[in-house]
Amino acid sequence: MEPITESHYEGLLACSGDERIWTWMDRRIPGDPDAFRAWFDDRLRGSAAGEEWCFVTHSQSRQEPIGSSSYLAIRPPHGGLEIGWTWLHPDAWRSGANREAKLLMLDFAIEKLGAMRVEFKTDARNDRSRQALDDLGASFEGIFRKHMLMPIVGVRDSAYYSITDEDWPEIRERIAASIREGVSA
């Protein structure tokens, strides 16, 4: 994982075209380079302004981008942030890449930034994402009904999850053990 820069554009564009990636986020992106450019520029702009921190997820074996994930809703006075805008090329699904990325991001957020709460939200209908959050050990907190409007998807109910600093030692070991054992998610 590394902070997004303009140099990542071509690599991320190349791995972003599968429509399954964007089913629950922004269905305009696959097949529309202008929509992807807008998404990319928003991540660059937000990161430069400190409103979010977008990271590029790389394949260690292929040494190329396979997706992205961001810190969002950064709230230093309240010790909290969200991990979101996470996507991976379908070839990386169930490979352990998401689990490794979350280990790095959670560890940095809690151990280095001092977050006492890291939250996640996903479309309540996104069973794959919800299962991945359950597998990480995140606590399900409920559904925010009619939470947001998503392009093409329409009205979205959001499922909220969290991991707190008190949860982290046990969850960190759980994630690390699953990586050592080759469990994919």
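A brief report on the enclosed structure follows. This one's a predicted model, so the numbers in the text were calculated from it and none came from an experiment.

## Focus: the sheet that holds strand β5 (residues 117-123)
Here is step 1: Overall, mixed pairing links the seven strands, which are arranged β1-β2-β3-β4-β5-β7-β6 in an open sheet. Two strands close off the open sheet at either side, each with one partner strand: β1 (2-3) and β6 (139-150).
Here is step 2: Strand direction decides the pairing type here: β5 and strand β7 (residues 154-164), joined by seven bridges, are antiparallel. When the bridges of β7 are listed, Val 118 appears paired with Ile 163.

## Points about the side chain of Arg 43
Here is step 1: By the secondary structure assignment, Arg 43 is in helix α2 (residues 33-49).
Here is step 2: Exposure remark for Arg 43: the relative accessible area of 6% places this residue in the buried category.
Here is step 3: Filtering out sequence-adjacent residues up to four positions away, Arg 43 remains in contact with Ile 4, Glu 52, Cys 54, Ser 70 and Trp 85.

## Digging into the pairing of strand β3 (residues 64-75)
Look at any regular strand and the pattern is simple: side chains alternate between the two faces of the sheet.
Here is step 1: Relative to β3, strand β2 (residues 53-59) runs antiparallel, the two sharing seven bridges. Bridging from a neighbouring strand, Cys 54 pairs with Ser 70 of β3.
Here is step 2: Where β2 hands over to β3, the hairpin turn is made up of four residues, of which Gln 63 adopts a positive phi near 55 degrees.
Here is step 3: Looking at chain direction, β3 and strand β4 (residues 80-88) are connected through six bridges and run antiparallel. Among the inter-strand pairings, Ser 70 is bridged to a residue of β4, identified as Gly 84.
Here is step 4: Count of turn residues in the β3/β4 antiparallel hairpin: four residues, of which Gly 79 carries a positive phi of about 65 degrees.

## With respect to the packing of aromatic side chains
Here is step 1: Summed over the entire model, instances satisfying the criterion amount to 13 aromatic pairs.
Here is step 2: A ring pair is formed by Trp 39 and Trp 87, whose centres lie 5.9 Å apart and whose planes are at 75 degrees; its orientation type is edge-to-face. Note that Trp 39 is positioned in helix α2 and Trp 87 in strand β4, a separation of 48 residues in sequence.
Here is step 3: For Trp 39, a relative accessible area of 4% translates into the label buried.
Here is step 4: For the pair Phe 144 and Tyr 160, a centre-to-centre distance of 4.1 Å together with 25 degrees between the ring planes defines the contact as stacked. You can see Phe 144 sitting in strand β6 and its partner Tyr 160 sitting in strand β7, a full 16 residues away along the chain.
Here is step 5: Pairwise contacts between aromatic rings join Tyr 9, Trp 22, Phe 36, Trp 39, Phe 40, Trp 85 and Trp 87 into one cluster.
Here is step 6: The ring of Tyr 9 is capped by Arg 37, whose NZ or CZ atom sits 4.1 Å from the centre of that ring.
Here is step 7: For Arg 128, the ring lying beneath its charged end belongs to Trp 93, and the centroid distance is 3.7 Å.

Rules behind the numbers
Residues numbered from 1 in each chain as written. Predicted model: local features only at pLDDT ≥ 70, side-chain atom pairs only at ≥ 80, totals over all residues. Heavy atoms only, no water. Pairing = 2+ DSSP bridges. Helix = DSSP H or I, 4+ residues; strand = E, 2+ residues; numbered from the N terminus. Buried < 20%, exposed > 50% of the residue type's maximum accessible area, 1.4 Å probe, protein only. Contact = heavy atoms within 4.5 Å. Phe/Tyr/Trp six-rings, centres within 6.5 Å; stacked < 30°, edge-to-face > 60°. Lys NZ or Arg CZ within 6 Å of the ring centre and 35° of its normal.

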